[in-house]
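The lines below spell out each chain.
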Amino acid sequence: MSWKLIRKITIQAVIIVVFSTAVAVGVNALRPEPLDWVAAVPYEIFVDCPESLKTANEISPKEALGAKVLFVDARDGETFKAAHIKEAFNVPYDPLFPVEEAVVANLRSQRVEFLVVYGDDQFGKMLADELASAGLARVRFVAGGMQALKEAGADVETQEVGQ
Amino acid sequence: MTEKTRTILAAVSVPMRLYMGVVFIMASLYKIYEPYLFGLSVATYQMAPLELINIFAIVLPWVELFVGIAFIVGFWTRANGALIVAMMLMFLVALSWALSHDLQMSCGCFASQETADEIGIHTIFRDLAWLVLALFPTVFDDGRFGLDGLLNKRNLKKVTS
């Protein structure tokens, strides 16, 4: 191919792209709901669920209450505010999103015997597994969650404290 | 290269042009119809900045459509072939990126993320095959079996008369 031909091809390609862009601009403007040229908010894309590679062991409510522990509440923020174990730390768990690194770093810095995770359902166990997979040592979960801890005599707070 | 060889190469490239033209027209239709879903497909690659996603989603389908039509009719054959080659290279880079990052997604080539098959190494091989099918006419087809050929003949007649 000669330079003359390459130049000709390049000019034609530019013309095609410019023409297509002009049509695209026109059609988009005529749409009932035109697409913004720059998206105002990020697209909600689907990401893989975080996989837990390690499994946290269970701890009985009585054993948890008798040791120096930090309770980690896996329930959503509103439920946590309504009632939670005294001085518990709220980490609302969503199986679709990994726990933030800052939260993991904060939990890692705690000087406690166990990190005891609880919830109202399987989320407590799932969060405990994820924290263990993130490299946190001595993570435990309480089967039966908040209710089991209450029945074992745990102090409950009902204010927005503890976080 | 002799005139006879050029004619043979141009003839061989005609089915390639028709096939790739249809592929690009088919690929453009859902994107033109559903630009938001195509934007979502682009975003799923997690490659392009947010500022570029919608521009890409609005413009690219029309480039695909016009390039596909022009490639079939043999108008500005080499320029359109070059654009198809460029787009195929871009798609290959994006697919390789997605696969290297273990993204479980569809390629977004022909349908939205919800309905299309998941990408894999087979998608890379398919796009490589398409790249070859686009590259051949770009290099060897001077458009003599298309609109380019007709326009050249007309221009030649004008000059000689």
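By convention here, each chain's residues receive numbers from 1 onward along its written sequence. Labels follow written order: the first chain is A, the first ligand is 1, and so on. Since the coordinates come from a predicted model, pLDDT governs what is reported: local features require at least 70, and pairs of side-chain atoms require 80 or more to be given and counted, while whole-chain, interface and lining totals use all residues.

Asks: Could you clarify how one ought to interpret unusual backbone geometry in this entry?
Replies: Glycine aside, negative phi is the norm for most residues, and most peptide bonds take the trans geometry. All names here are of chain A. Phi at Glu-87 is positive, roughly 65°, even though this residue is not glycine. Phi angles above zero are rare outside glycine, and Arg-138 is one such case at about 55°. Think of it this way: any DSSP run of H or I at least four residues long counts as a helix, any run of E at least two long counts as a strand, and we number them from the N terminus. Tracing the sequence through the fold places Arg-138 in the loop between α5 (123-133) and β6 (139-141). Overall, Arg-138 belongs to the partly exposed group, with 15 C-beta atoms counted inside 10 Å. Residue burial here comes from a neighbour count, namely the number of other C-beta atoms, placed from the backbone, that lie within 10 Å of the residue's own C-beta, with 20 or more meaning buried, 12 or fewer meaning exposed, and in between meaning partly exposed.

Asks: I would appreciate a short explanation of the interface of chain B and chain A in the present structure.
Replies: Interface size is commonly expressed as the accessible surface area that is lost when the partners come together. Chain B puts 25 residues into the contact, and the matching count from chain A is 20 residues. Listed by contribution, the elements that provide at least two residues to the side of chain B that touches chain A are α2 (35-44), α3 (50-73) and α4 (77-100) of chain B. In terms of residue count, the dominant contributor to the side of chain B that touches chain A is α3(B) (twelve residues). Any residue pair is listed as a contact if its two C-beta atoms, each placed from the backbone, are within 7 Å.

Asks: What is the right way to look at the sheet that holds strand β2 (residues 69-73) of chain A in this model?
Replies: The strands that make up a sheet are held in pairs by hydrogen bonds between backbone atoms, and each pair lies either parallel or antiparallel. Residues and elements named next belong to chain A. For two strands to be treated as a pair, DSSP must find at least two bridges joining them. Pairing within the open sheet is parallel, and its five strands lie in the order β1-β6-β5-β2-β4. Bordering the open sheet on either side are β1 (57-58) and β4 (89-90), each of which pairs with just one other strand. Across five bridges, the pairing between β2 and strand β5 (residues 114-118) is parallel. Directly across from Leu-70, in β5, lies its bridge partner Leu-115. On top of the sheet, α5 reaches β5 and β6; it is set at about 170° to β6, its chief contact. Only the stretch in contact is used when a helix axis is fitted, and all axes are lines through C-alpha atoms; the angle between N-to-C directions ranges over 0 to 180 degrees.

Asks: In this structure, what is going on with the packing of helix α1 (residues 3-33) of chain B against α3(B)? I would like to understand it.
Replies: The axes of two packed helices give the description: the angle between them and the distance between them. Residues and elements named next belong to chain B. Two elements in contact, α1 and α3, have axes whose closest approach is 7 Å; the angle formed by their N-to-C orientations is 155°. Judged by the inter-axis angle, α1 sits roughly antiparallel to α3. Relative to α3, the crossing made by α1 is left-handed. Every residue of α3 that contacts α1 at Arg-17, Leu-18, Met-20, Gly-21, Phe-24, Ile-25, Ala-27, Ser-28, Lys-31 and Ile-32 is listed here: Leu-60, Pro-61, Trp-62, Glu-64, Leu-65, Val-67, Gly-68, Ile-69, Phe-71 and Ile-72. Angles are sorted into four bins: roughly parallel if under 35 degrees, roughly antiparallel if over 145, roughly perpendicular if 65 to 115, and oblique for all others. Each helix crossing is assigned a hand: it is left-handed if the near helix lies turned anticlockwise from the far helix by less than a right angle, otherwise right-handed if that turn is clockwise.

Asks: Can you walk me through the packing of helix α1 (residues 3-30) of chain A against α3(B) in this structure?
Replies: In contact at an axis separation of 8 Å, α1(A) and α3(B) are set at 125° when each is read in the N-to-C sense. Here α1(A) lies oblique to α3(B), going by the angle between them. Considering only the axes of α1(A) and α3(B), their crossing is right-handed. Across from A:Ile16, A:Val17, A:Phe19, A:Ser20, A:Thr21, A:Val23, A:Ala24 and A:Asn28 in α1(A), the residues of α3(B) making contact are B:Ile58, B:Val59, B:Trp62, B:Val63, B:Phe66 and B:Val67. In terms of residue class, the contact of α1(A) with α3(B) is built from eleven nonpolar, three polar and no charged. The residue classification treats Ala, Val, Leu, Ile, Met, Phe, Trp, Tyr, Cys and Pro as nonpolar and Asp, Glu, Lys and Arg as charged. All others, Gly included, are polar.

Asks: I tried to follow the environment of B:Leu40 on my own but got confused; where do I start?
Replies: Residue and element names in this part refer to chain B. As for its position among the elements, Leu-40 is in helix α2. Given 20 C-beta atoms within a 10 Å radius, Leu-40 is considered buried. With 68 residues separating them in the primary sequence, Leu-40 and Gly-108 have C-alpha atoms 8.8 Å apart.

Asks: Would you take a moment to explain the nonpolar core for this structure?
Replies: Considering soluble globular proteins, one finds that nonpolar side chains tend to be buried as a cluster. If you look at the biggest cluster of nonpolar residues, it comprises 42 residues, and the most contacted ones within it are B:Met20, B:Val67, B:Leu83 and B:Ile84. Here this core gets 13 residues from one element, more than from any other, and that element is α3(B). Residues within four places of B:Val67 in sequence aside, it is in contact with A:Ile16, B:Phe24, B:Asn80, B:Leu83 and B:Ile84. Note on definitions: a nonpolar core is a set of buried residues drawn from Ala, Val, Leu, Ile, Met, Phe, Trp, Tyr and Cys, linked by C-beta atoms within 7 Å. With 32 residues, the next largest nonpolar core counts A:Phe71, A:Val116, A:Phe141 and A:Met146 among its residues.

So yeah, pure geometry; function would need other evidence.
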